[in-house]
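Single-letter residue listing:
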Amino acid sequence: AASVGDAQFFPAVGWLLEPSTCFVRERACLPTTHLALRPFSRSRSAGILGRANARNRNGRVYPKNLLEREAEIFYAAHVVHGRALGELDHPKPDSPTFRSLNLGNVSHVVLDYFWKDDDLMGYVEVLPTKSGAMLRDLYVAGYQLGMSSRGWATLKEKDGYVSIQDDFELITFDFVSDPSTAGA
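(A) Up close: the pairing of strand β11 (residues 155–158). Sheet topology note: the β11/strand β12 (residues 161–164) ladder contains four bridges and is antiparallel. Bridging from a neighbouring strand, Leu-155 pairs with Ile-164 of β12. Where β11 hands over to β12, the hairpin turn is made up of two residues, of which Asp-159 adopts a positive phi near 55°.

So this is what it looks like as structure tokens:
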């Protein structure tokens, strides 16, 4: 870990976490992609939430028009009301909480997001929950986690990749150990 000002930076991770007093909502300003944690403070991070029009490591392609549509719906229904909660890891697809939230596993809240080309960039706050504490502990221990969108859709295989169909529904964004989107 290296010190910059009064923050500690851990180069092994891809998201920057900083206390809420330093949070800047200006869309033109994204922090660097390193982790900075200060004990006993709220932590916020910025980075890639998702990517459109590119084949991810799961072989899936999210058409931008669908991801934009669902991001707008999710924003209006959850982000503007401060209810855009996410979990530490995805539940299994057959879990009763896959299409909703397991409040016992909530680790963060999505605060804001915007498009930068085909990348959906966002701000997230790690919450003072059991899963939020585990998320912070994993970062401090040097584990690199990333973001992954959780959604429900019909999938159609074509030419070696899986295309997300028009019935796509964005559920939330979760922190995961192995995100399918590079850089997320």
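Still more to cover.
(B) Expanded view of the pattern of salt bridges. Tallied over the full model, the rule gives five salt bridges. Here Asp-119 and Arg-51 are joined by a salt bridge, their closest N and O atoms 2.5 Å apart. Highlighted residues: Asp-119 in strand β9 (residues 119–126) and Arg-51 in strand β5 (residues 43–51), separated in sequence by 68 residues. With a relative accessible area of 18%, Asp-119 lands in the buried category. In this structure, the salt-bridge partner of Arg-150 is Glu-87, at a minimum N-O distance of 3.1 Å. Of this pair, Arg-150 sits in strand β10 (residues 146–152) while Glu-87 sits in strand β7 (residues 85–87), and the two are 63 residues apart along the sequence.

(C) Layout of the confidence of the model for the protein. In this model, the protein carries a mean pLDDT of 75, and residues with pLDDT of at least 70 account for 73%. Note that residues 1–40 has pLDDT below 50 and, in this model, 105 contacts with residues that lie over four places away or in other chains.

(D) Spatial organisation of the pairing of β10. With five of its seven residues buried, β10 lies for the most part within the structure. By the bridge criterion, seven bridges tie β10 to strand β13 (residues 169–176) in an arrangement that is antiparallel. Following the sheet pairing, Ser-148 is matched in β13 by Asp-174.

(E) Examining the layout of surface pockets more closely. Reported here for the second largest pocket is a volume of approximately 160 Å³. Forming the walls of the second largest pocket are 13 residues, and the residues nearest its centre are Phe-74, His-78, Leu-170, Ile-171 and Thr-172. Of all elements in the fold, only α1 (64–77) and β13 reach the threshold of two or more residues within the lining of the second largest pocket. With four residues, β13 is the largest single contributor of residues to the lining of the second largest pocket. When the residues that make up the lining of the second largest pocket are grouped by side-chain class, the tally is six nonpolar, three polar and four charged.

About the criteria used
- Residues numbered from 1 in each chain as written.
- Predicted model: local features only at pLDDT ≥ 70, side-chain atom pairs only at ≥ 80, totals over all residues.
- Heavy atoms only, no water.
- Pairing = 2+ DSSP bridges.
- Helix = DSSP H or I, 4+ residues; strand = E, 2+ residues; numbered from the N terminus.
- Salt bridge = Lys/Arg side-chain N within 4 Å of Asp/Glu carboxyl O.
- Buried < 20%, exposed > 50% of the residue type's maximum accessible area, 1.4 Å probe, protein only.
- pLDDT = per-residue confidence, 0-100.
- Contact = heavy atoms within 4.5 Å.
- 1 Å grid on protein atoms, 1.4 Å probe; cavity = no way out; pocket = protein on both sides within 12 Å on 5 of 7 lines; lining within 4 Å.
- Points joined across faces, edges and corners; volume = space filled by probe spheres on them.
- Nonpolar A, V, L, I, M, F, W, Y, C, P; charged D, E, K, R; others polar.

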